[in-house]
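# A closer look at the structure
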Amino acid sequence: MERGRTRRRIALLSIAIIAAGCSTFRPAPPPPVSPLPQAAHPATVVGVASWYGPGFNGHSTASGQIYNQDELTAACNSFPLGSHLMVTNLANGRSVEVLVNDRGPFKKGRKIDLSYKAAQTIGMVGPGTTRVSLEAIDGAMPEAAIRYYVQVGSFTHPEAAEELRENLIRRYPDVQIYQLDTGNRRYYRVRMGAFLTREEAVERAREAAGLGLPMIIVSE
């Protein structure tokens with residue numbers, strides 16, 4: 001019954017957005033960007049790594065590839081998709097080369113999510129997380145920390161968020177659910193992205209506006 005009420009809310013929200021029309025979406029112009037200071041070693045990033053496995057196996061990644069936990073891949077927001085990184089476990093010195101084919105991690109304080117195979121190679125499956133260095137071996141440069149997303153819904157019930165994600169992921173493989181805890185409330189935000197620039201996020205919002213959902217551009 002509770003889920004039924006949530007579905008009715010989604011339906012009513014969609015009707016309201018359609019009635020309002022696309023004219024309600026007027027994205028603000030992108031803010032001026034200040035140049036970032038040059039790092040001493042611009043192609044190396046140090047931070048915490050985690051790994052993801054069976055729960056995501058077979059799902060589409062942000063690059064459009066299908067995630068295979070037995071391949072040497074990773075989700076990373078610090079380098080462009082398609083980058084080849086040498087990941088070194090600073091606790092034991094073991095290294096592995098991975099292809100960045102997905103975006104993530106989405107938990108604050110982490111720099112990379114390794115596939116199960118990559119995590120196994122550097123001996124971090126058991127601990128779950130470890131401090132690593134990320135070195136681009138193909139000349140890729142680290143990207144700015146700010147990412148842009150198109151948020152299409154925020155729910156207190158995970159079932160409603162998952163239902164919307166399942167509907168959208170057939171068309172957009174980069175749809176994810178992001179959990180937000182505020183006091184005693186927990187929200188499940190459905191977002192498309194991440195995008196490296198605001199212009200990319202605006203383009204996606206315009207493209208998806210015909211779906212009758214609210215399009216809110218956010219940055220983190």
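You'll find the structure just up there.
Described below are features of the structure shown in this document. (Residues numbered from 1 in each chain as written. Predicted model: local features only at pLDDT ≥ 70, side-chain atom pairs only at ≥ 80, totals over all residues. Heavy atoms only, no water.)

## Quick notes on the overall build of the chain
How we decide: Secondary structure is summarised from DSSP: a helix means a run of H or I of at least four residues, a strand means a run of E of at least two, and numbering begins at the N terminus for each. The contact criterion used is simple: two residues touch if any of their non-hydrogen atoms lie within 4.5 Å. Here the Shrake-Rupley method, with its probe set to 1.4 Å, supplies the accessible areas, and only the displayed protein chains count as covering residues.
Counting secondary structure elements, the chain contains four helices and 10 strands. The order of α-helices and β-strands along the chain, N terminus first, is α-β-β-β-β-β-α-β-β-α-β-β-α-β. Counted over contacts in the chain with a minimum sequence separation of 6, partners at least 24 positions apart contribute 72%. Taken as a whole, the chain presents about 12,100 Å² of accessible surface, with 54% of it coming from carbon and sulfur.

## Here we look at the sheet that holds strand 4 (residues 95-102)
Our working definition: Two strands are said to pair when DSSP picks up at least two bridges between them. Here an angle of 0 to 180 degrees is reported between the N-to-C directions of two axes, which are lines fitted to C-alpha atoms, with helices fitted over the stretch in contact.
The mixed closed barrel is built from six strands, whose spatial order is 1-5-2-4-3-6. Averaged over neighbouring strand pairs, the angle between their axes works out to 45° when direction is ignored. Alignment of strand 3 (residues 84-89) against strand 4, held across five bridges, turns out to be antiparallel. Residue pairing in the sheet places V87 in a bridge with V96 of strand 4.

## Focus: helix 3 (residues 158-169)
The condition that has to hold: One fewer than the residue count of a helix, multiplied by 1.5 Å, yields its expected span. Working definition: with a 1.4 Å probe on protein chains only, accessible area under 20% of the residue-type maximum means buried, over 50% means exposed, and in between means partly exposed. An arc is given here, and it is the one of the directions from the helix axis to the C-beta atoms.
For helix 3, spanning 12 residues, the distance from its first C-alpha to its last is 16 Å, which sits close to the expected 16 Å at 1.5 Å a residue. Three or more residues of helix 3 are buried, namely A160, A161, L164, R165 and L168. What you see down the axis of helix 3 is that its buried residues fit within an arc of 135°, all on one side.

## Concerning the nonpolar core
The condition is simple: Residues belong to one nonpolar core when they are buried, are Ala, Val, Leu, Ile, Met, Phe, Trp, Tyr or Cys, and are joined through side-chain atoms within 4.5 Å.
Core analysis: the biggest nonpolar cluster contains 21 residues, and V150, V152, L164, L168, V190, M192 and M215 have the highest contact counts within it. For this core, the elements supplying multiple residues, two or more each, are strand 7 (148-155), helix 3, strand 9 (185-195) and helix 4 (198-208). M192 has contacts with Y149, V150, V152, Y172, D174, V175, R204, A208 and M215, leaving out every residue within four places of it along the chain.

## Some details on the packing of aromatic side chains
Keep this limit in mind: Side-chain rings of Phe, Tyr and Trp, where Trp is taken by its six-membered ring, are said to pair if the distance between their centres is within 6.5 Å; with planes under 30 degrees apart they count as stacked, over 60 as edge-to-face, and otherwise as tilted.
Per the counting criterion, the structure on display carries four aromatic pairs. When the ring of Y149 is compared with that of Y178, the centres are 5.4 Å apart and the planes differ by 70°; the resulting orientation is edge-to-face. Of the two residues, Y149 sits in strand 7 while Y178 sits in strand 8 (residues 175-182), which places them 29 residues apart along the sequence. Classification of Y178 as buried rests on a relative accessible area of 6%. By way of ring pairs, the aromatic residues Y52, F56 and Y67 are connected into one cluster.

## Considering the environment of A160
Here A160 lies in helix 3. With relative accessibility at 4%, the residue A160 sits in the buried group. Here the alpha-carbon distance between A160 and Y188, two residues 28 residues apart in the chain, equals 8.7 Å.

## Examining a negative patch on the surface
Put simply, the rule is: Like-charged residues within 9 Å of one another, or nonpolar side chains (Val, Leu, Ile, Met, Phe, Trp, Tyr) within 5 Å, are grouped into patches, provided each residue has over 30% relative accessible area and no salt bridge. Here a salt bridge means any side-chain nitrogen of Lys or Arg lying within 4 Å of a carboxyl oxygen belonging to Asp or Glu. Only four residue types enter the charge count, namely Lys and Arg as positive and Asp and Glu as negative; His and the chain termini do not. Charge coordinates come from a single atom per side chain, which is NZ of Lys, CZ of Arg, CG of Asp or CD of Glu.
Negative charge collects at one region of the surface, where E199, E200, E203 and E207 lie side by side. Relative to the elements of secondary structure, E207 occurs in helix 4.

## Structural notes on the pairing of strand 1 (residues 44-52)
As paired strands, strand 1 and strand 6 (residues 130-136) are joined by six bridges and run antiparallel to one another. For G47, the partnering residue across the bridge sits in strand 6 and is V132. Looking at chain direction, strand 1 and strand 5 (residues 110-115) are connected through five bridges and run parallel. Counterpart to S50 in the pairing with strand 5 is D113.

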